[in-house]
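Per-entry structural report
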Amino acid sequence: MAAHRPRPRPRPRQGRAAGHRARLQALLFALGCGVQRHCGKVLFVGLLLFGALAMGLRVASIETDIEQLWVEAGSRVSQELRYTREKLGEEAVYTAQMLIQTARPAGANLLTPDALRLHLRATLAASKVRVSLYGKSWDLNKLCYKSGVPVIENGMIERMIEKLFPCMILTPLDCFWEGAKLQGGSAYLPGRPNIRWSNLDPRQLMEELGQFTPLEGFRELLDKAEVGQAYMGRPCLQPTDPQCPPSAPNRRTQQSPNVAAELAGGCHGFSRKFMRWHEELILGGAARDPQGRLQSAEALQSMFLLMSPRQLYEHFKDDYEIHDLNWSEEKAGAILEAWQRAFVEVAQAAVPGNSSQVVHAFSSATLSDIMKSFSDVSAVRVAGGYLLMLAYACVTMLRWDCAKSQGAVGLAGVLLVALSVASGLGLCSLLGIAFNAATTQVLPFLALGIGVDDMFLLAHAFPEAGPHVPFKERTGECLRRTGTSVALTSLSNMIAFLMAALVPIPALRAFSLQAAVVVASNFAMVLLVFPAVLSLDLHRRRHRRLDVLCCFASPCASRVLQLPPQELGGAPATGGPVQALARCDTTGQHVVTVLPPTPASSTRDLLAQLDEATGAPACLPLPACRWDLAHFARRKYAPLLLRAQSKGVVALLFVGLLGLSLYGATQVRDGLALTDVVPRGTAAHAFLAAQARYFSSYHAFVVTTGGFHYPDAQAALLGLHRALGSLRHVVRGPDRQLPRMWLHYFQDWLRGERGRGVVHGGGAPVTCVHAPLYSPSLGLQVAFDREWASGRITRDSYRNGSEDGALAYKLLIQTGNPQQPLDYDQLTTRRLVDVDGLVPPDTFYISLTVWASNDPLGLAASQANFYPPPPEWVHDKYDATGENLRIPAAQPLEFAQVPFYLSGLRHTADFVEAIEGVRAVCEEAARRHGVRSYPSGDPFLFWEQYLGLRRWLLLALSIALACTFLVCALLLLNPWTAGVIVLVLAMMTVELFGLMGLMGIKLSAVPVVILIASVGIGVEFTVHVALGFLTAVGSRDRRSALALEHVFAPVLDGGISTLLGVLMLAGSEFDFIMRYFFSVLSVLTVLGLLNGLVLLPVLLSVIGPPAEVPPVDNSSRLPSPEPLPPPIAHHGFYVGRPPAWHGPDTAPETPPAMGPGDEDPSGSAQACILLQAGKDPRFPCITVVKAFEVGPEPLGQESTTGDRPPRARPTPPPPTYATVTATASVTLALHPGLPGAARGYAHAAFEDSESDGHEDVPGAQRTHHGCHATATCR
């Protein structure tokens, strides 16, 4: 045998980073080996533990309350909402059920009698809805909200008033007599037909009833409310109607009314003073002539106000009719929901389908039903998504060779990921994190796509462990290679979702926390339980069982290897892999690798020798089945991508994409339309679309709190009210004035006449100079002045005066001093309202008690909602005792409301402008006068988030990117690589944000969460490539090519699995899911693949960090280790130290020339041997042995990839050769290291075992810097 002396090899430099990461990989290796040794136990315990956590789903709660989901947690809005609930309770005052009538097609004028009659038809049908529940019948009159029902001492009159008092219905029909038909109350009096609002003249009724009982106080109440004839004096839409009253203005003329003129400025209910419906509330799409007169409108709206469940419960809890129902608030809520659903159905069915107009109905129950259906889990979509993922995993991991196929591993991995998702959500339930629509509709699919990525990485890396790895260490080697990448991606995803939880929207915060917990559960499953599945599959392959159908043995008895041509050394290159056969020799003492007689021989020729001798069946793979993604990346993709021209094209394309994204970023608008949340094609969506188009008015309040003295702040309160009227979006009346607040009603009731003028009384004339002008009305001070002047009221008696005069008498003598509460001298020296139009501070709360008890209509119209509520005080003019003169003072106010309307709010910018304007008014009042207040209403609850949404986005993105940099830098121990990764992630985020703008997706809390989460999801596409590049050896181009070769397949499979995971979201009936989740996540996945597999390799090839283990001579590859061929027996093992590497200063020796009979001076036969098979298949021994040159291209290495020429190195002296013919049984296998393996770490002892494709060769093991060689010679 001929051999030559190996020249000394330069020792590579190993960085400190690799040494530190090797410790982590050693821990992962130990973990994997332990899992493999106890794979059955680990799998059983893991399934038991994760299954137990999944049982937590039984206690899961789903939150559907919009306020609880979308109001910023911890913000001023949430604090203000909490304050409101502390004072007023949990429930709203009323709920609105709405009807909107539009033309078909849109744009026609609806200000016609025919259109109003059609509107009457729909609203009348809705007002007559009746539901039967709990054995009782419930109609609108029992359930509607009634404002300011007066308390009458006369029992008969009180019962009649209670039945007749009208419901609060805001409708354009109130401008006409037909509006009375919507009021369903009726009363019976002997000798008269049933009294209804359609035939009720209040004045005439009071005159008739006044003959039997004194009704002076009630008559004064009606006069103050300006009830007049109620509906009897209004025009009829159809004057030919027999029921149209004679008092109607157009009854005699029989002419249809001028609808536009009647509706101009809005309508009013039965009280002209207290029930005014603004034009913006009842007409939509209004058009006016140049003089400002109303000409047309494209939509009509009516609103039915119902009591809240709590109000309904309180209203009927003492009623004898429901004493047997076990009455509760839950039953009250069920009754209201049943009536609301029937309301929608009846109203929509009232208009014929062929009509030129359409009526859209909507109720509070409709919105609740939408939120519930939005939060329901679609079992069909979840099952379809997971079945699709199962099929993909199984198909992509199946191989023709059963020993390399992993279809069962793919199936088990997807099922384990599904279990981890369930266990993570179960843990969230146990932690008290409520589910919402985002959790149920999106998270199962998103978590599946993310979780399967790491499973694919482990599954792809497991078969790549070379035959040098002992059987018992296969799982440990897999975790050692891939555990760092899995930890990086999982930690980055968790950090990204935790940073997304900084967005203070409860629904998205819960979604982000749940996603972080699910990612952690996936991480534990992939790192602990899935390796047990890989270990079990390893036993299947060892026993040569079929994949998936593991009960059947594989028909492939022969193990075929594919050796790259460069592993043949001096053999002529064939341009493709050479087939070889691995098997034991006839003695059973050695494993041999048999090469075909010629390099061009096929697998069929190679196996035919064994078939002739043993008759064993052969499995011949199809040529198409031998192709895989790694082969494509190595042979086609990497060489093409890393050309100089290709790099330039990639740079230009991504610069263009970045520029386009920056433009798209300028097109992103804030907002989230409610129509996006509701399924298209439904009645609810049609209503919301019509409402958004025609009606943009919102009812709002300014709430004044405690902490200041209301009696001394009256002028400041009036100034705050006037400041609100100056805002652009605040609705003003026909006189361009803001609707009155409670202080106006209070002062008017005390003073009487408003406006600038002289008030005559017992004292000097008083000039009132404040406030806008309103219709004059009779008040307490005016009544007292008149009756004092006429002598009906004197210092000693008020019983001859009117009710108002007597009340004024009692208030004027109040001092507010508990020690001396009454002073009669004040009757002529004091005014109920002073010269500045303000209530005297010392008697302010006493007067407030009297007003709240004696002016229910004014108090209800003011919508003040005082807290603490003023005490009830009953005024009796004929009570002569002194106790009736002592009036209890109300407690200091801690809560009061100032109502107003906002209109013209069609875009988010309009909402933000209105919110900022009202907030500025409140802050100015607090700064200048100490009046503490805050706005309240839907715009301030749900649009306040947009004031700081972009700030939250930038903050969370910055923290997420910084944390990702720290994690990558700590685990990779290379800030340079971490910086490149973060640069690509930042570009991905900018690209995603810009494409959102180009797609017309508005920025709301949902896209913000996805943008933040994109940082973590993007790590899945980048860190594997970066880690492979960092741990490879050679030039930048070569390392980029090697990284692509080894991670292209798992990264691409991970991206496709993510797309498959979110694909099922495309089947959602909610446009919200389609636009804001499916579209955005799909674009994110595509961007991740492009940036991770196209841009990042190019960047690394240009600006990538140096290799962790560069050779001292700066060559592009590590030197091959010296062979050590000690003779060993079968099933033996060898423990040895790695050979000593010669230092860089040692000059290489030139081996002496040796002839055919010479021996190696070292005493051992060291040679590089090429094997060639003989023709006898029974004894595959060597008949020709050739020595080949160990030159600049070491065994097992490919030439440098890329356009840059390899670095010039000094040419070593040519070695000498000797060729002999001998008989030997030799196995030679070279195994290049994979990116991700720590350099310099290896076990020196192992037992021989079976590999994936052939039996391991017992013999010596030399490992150094990822290049492993195994050889046996005899």
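Summarised in this report is the structure supplied together with it. Not measured: the values here are computed from a predicted model.

1. As for a nonpolar patch on the surface
- Nonpolar side chains collect at one region of the surface, where Val-59, Leu-427, Leu-430 and Leu-431 lie side by side and expose about 370 Å² of accessible area between them.
- Position of Leu-430 relative to the elements: it lies in helix H16 (residues 407–430).
- By relative accessible area, which is 53% here, Leu-430 ends up exposed.

2. A word on the packing of aromatic side chains
- Throughout the structure, instances matching the rule amount to 31 aromatic pairs.
- With a centroid separation of 6.2 Å and an interplanar angle of 90°, the aromatic rings of Tyr-83 and Tyr-934 are classed as edge-to-face. Residue Tyr-83 is found in helix H4 (residues 76–88), and its partner Tyr-934 is found in strand E19 (residues 933–937); the two are separated by 851 residues along the sequence.
- Taking relative accessible area as the criterion, Tyr-934 reaches 6% and is therefore assigned buried.

3. With respect to the nonpolar core
- Grouped together as the largest cluster of nonpolar side chains are 334 residues, with contacts concentrated most on Leu-724, Trp-742, Phe-900, Ile-1012 and Phe-1077.
- With 19 residues, helix H20 (residues 506–542) is the single largest residue contributor to this core.
- Beyond its immediate stretch of four places on either side in the chain, Leu-724 contacts Val-702, Val-730, Leu-738, Val-898, Phe-900, Val-918 and Val-921.

4. Notes on the sheet that holds strand E18 (residues 895–902)
- In spatial order, the strands read E18-E15-E19; together these 3 strands make up an open sheet with antiparallel pairing. Each of the sheet's edge strands pairs with one partner strand only, and the pair in question is E18 and E19. The average angle at which neighbouring strand axes cross in this sheet is 25°, direction not considered.
- As paired elements, strand E15 (residues 698–705) and E19 share 5 bridges and run antiparallel to each other. Across the sheet, the residue bridging to Phe-701 is Ser-936, located in E19.

5. Concerning unusual backbone geometry
- For the peptide bond that leads from Arg-104 to Pro-105, omega is 0°, which places it in the cis range.
- Assignment of secondary structure puts Pro-105 in the loop between strand E1 (94–103) and helix H5 (113–127).
- The backbone of Ala-230 shows a phi angle near 60°, a positive value even though the residue is not glycine.
- Its location among the elements puts Ala-230 in the loop between helix H9 (216–224) and helix H10 (259–263).
- Residue Ala-230 is classed as buried on the basis of its relative accessible area of 6%.
- For Asn-326, which is not glycine, the phi dihedral falls at a positive 55°.
- Since its relative accessible area comes to 65%, Asn-326 is described here as exposed.

The rules we used
- Numbering of residues starts from 1 in every chain and runs along the sequence as written.
- Reporting of local features is limited, given that this is a predicted model, to residues whose pLDDT is at least 70; pairs of side-chain atoms are given and counted only at 80 or more, and all residues count toward the totals for whole chains, interfaces and linings.
- To get the side-chain values, all heavy atoms of the structure are used, and hydrogens and water are removed first.
- Patch building starts from residues that exceed 30% relative accessible area and form no salt bridge, then joins like charges within 9 Å and nonpolar side chains (Val, Leu, Ile, Met, Phe, Trp, Tyr) within 5 Å.
- With residues, only the protein chains shown are counted as cover, and all accessible areas are computed by Shrake-Rupley using a 1.4 Å probe.
- Every case where a carboxyl oxygen of Asp or Glu lies within 4 Å of a side-chain nitrogen of Lys or Arg is listed as a salt bridge.
- For helices the rule is a DSSP run of H or I covering at least 4 residues; for strands it is a run of E covering at least 2, with both sets numbered from the N terminus onward.
- Here's how the labels work: a residue is buried when its accessible area is under 20% of the maximum for its type, exposed when over 50%, partly exposed in between, all with a 1.4 Å probe on protein chains only.
- Working definition: rings of Phe, Tyr and Trp (its six-membered ring) pair if their centres are within 6.5 Å, and the pair is stacked with planes under 30 degrees apart, edge-to-face with planes over 60 apart, and tilted otherwise.
- The nonpolar core is taken to be a set of buried Ala, Val, Leu, Ile, Met, Phe, Trp, Tyr and Cys residues, with the residues joined through side-chain atoms within 4.5 Å.
- The criterion used for residue contact is that any of the two residues' heavy atoms lie within 4.5 Å.
- Strand pairing is assigned whenever DSSP detects at least two bridges linking the two strands.
- Inter-axis angles, ranging from 0 to 180 degrees, are taken between N-to-C directions of lines fitted to C-alpha atoms, where helices are fitted over the stretch in contact.

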